Amino acid sequence: MSKFYLPSSRSPSPTPSSTSTTSSTTSSLALPYPLPLQRADFLAPNFTPATYLSSRRSQHQTLEDLRAELRSRSQLLSKELLDLVNGNYQDFLNLGNSLHGGEERVEGVRVGLLGFRKEVHGLREGVGRREEEVAGLLGERRGVRRGIEIGRRLVEWDARVGELETELRVDGRGREGDGDEEVEDSDEEEDDEEEGAYGVSVAKLARTVAQYRLIQELEKGVQGHPFIAAQTHRMLMVRSTLLLDLSAALGQAKKAGTAGSGRIMKVMKIYADMDESAEAVKVLRSLKTTT
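What counts and what doesn't
- The numbers attached to residues start from 1 for each chain and follow its sequence in the written order.
- Given that this is a predicted model, residues contribute local features only at a pLDDT of at least 70 and side-chain atom pairs are listed and counted only at 80 or more, while totals for whole chains, interfaces and linings are drawn from all residues.
- Note: side-chain values were computed over all heavy atoms of the structure, leaving out hydrogens and water.
- UniProt positions are given in the numbering used here, feature names are shortened, and annotations may be inferred rather than shown by experiment.
- Comment: elements are numbered from the N terminus, with helices defined as DSSP H or I runs of at least four residues and strands as E runs of at least two.
- Burial classes follow relative accessibility: with a 1.4 Å probe on protein chains only, a residue under 20% of its type's maximum area counts as buried, one over 50% as exposed, and anything between as partly exposed.
- Here a residue-residue contact requires only that any non-hydrogen atoms of the pair lie within 4.5 Å.
- Paired rings are identified among Phe, Tyr and Trp, the last through its six-membered ring, by centres lying within 6.5 Å, and are further divided according to the angle between planes into stacked (under 30 degrees), edge-to-face (over 60) and tilted (the rest).
- A score from 0 to 100, pLDDT tells how confident the predictor is in each residue.

As recorded in an unreviewed UniProt entry, the protein goes by the name Conserved oligomeric Golgi complex subunit 2, listed as coming from Dothidotthia symphoricarpi CBS 119687. We quote the UniProt Sequence similarities (unreviewed entry) comment for the protein here in full: "Belongs to the COG2 family." In its Subcellular location (unreviewed entry) section, UniProt records this for the protein: "Golgi apparatus membrane".

Rendered as structure tokens:
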């Protein structure tokens, strides 16, 4: 059996939706009004867009409103920049129109620069002439040094040829004494017992040929010089004397038979050092025909 109930005198409890609507309305009424953009905020040395937007979270401003305000601020700055440029341009034009009476000073500066350029040109020409003069003197000094070096070589060549002529007993016309060609100093024979049975010292011949080759090397540095050309007969005489001594030494070694085979090899080596191997072959052939 159904029953009827009287409505209670208490007010009905609020629903969740009505509660949220009421709280949002109350909070929106309590929000602070966003402050306008300040120019000083953008002039800060450490200004960054992200930091600036984060600092405006408490302003409760919509993105569209912020965009509109920034657009308005940009237009205002563009207008100020245009006004600034126009004002300075007008001042610049006025400055150009107000300049008068400077032609004389400009002309004076130009004349001074022309004079300075002329002086610099004159100095360059003087330096160029001095440079050519110094180059000529340096070339002359090199020529003098070359002449001194050639003179030293000629003096050394003449001294060594003279020593060799003295050692070989050559006076430019032939050997001194026809019967003394195979006579050697007693001191050198005592130093080498092997030379006792022979009249010509192979050791002395080797030293003499070495000195002869040294003179030839010196001659290469001054080859073609008139002094060397005039002294050619001296070198020819020295060469002829050396070949005679070598021929005599080779003949003595050949006569010694088996005991002189080692001496023959030494003499042949001296021929080779003297670049006269062909002459040694001729001597050996002549010795074979005579034997």
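Peer 1: An account of the overall build of the protein is needed here, citing residue identities and associated values.
Peer 2: Along the backbone of the protein there are 11 helices and zero strands. Going from the N terminus to the C terminus, the protein shows its helices and strands as α-α-α-α-α-α-α-α-α-α-α. Residues counted as buried form 21% of the 291 residues belonging to the protein. Sequence-distant contacts, at least 24 apart, represent 70% of the contacts inside the protein between residues at least 6 apart.

Peer 1: Explain the packing of aromatic side chains residue by residue, including any values.
Peer 2: The tally for this structure, following the rule as stated, stands at one aromatic pair. Between W157 and F227, the ring centres sit 6.1 Å apart and the planes meet at 80°, which makes this aromatic pair edge-to-face. One end of the pair, W157, is in helix α5 (residues 103–168); the other, F227, is in helix α8 (residues 226–230), with 70 residues separating them in the sequence.

Peer 1: Go over the confidence of the model for the protein with me, naming the residues and quoting the values.
Peer 2: A residue-level look at the protein finds 74% of positions with pLDDT of 70 or above and a mean pLDDT of 76. Here helix α1 (residues 16–30) stands out as the element of the protein with the lowest mean pLDDT, 45, in contrast to α5, whose mean of 90 is the highest. With pLDDT under 50 throughout, residues 172–191 is counted as low confidence; its partners more than four residues away or in other chains account for 28 contacts.

Peer 1: Residues and numbers for unusual backbone geometry, please.
Peer 2: Leave glycine aside and you will find that most residues have negative phi; peptide bonds, for their part, are mostly trans. In this structure, D275 is a non-glycine residue whose phi angle is positive, near 60°. Along the polypeptide, D275 turns up in the loop between α10 (261–273) and α11 (277–290).

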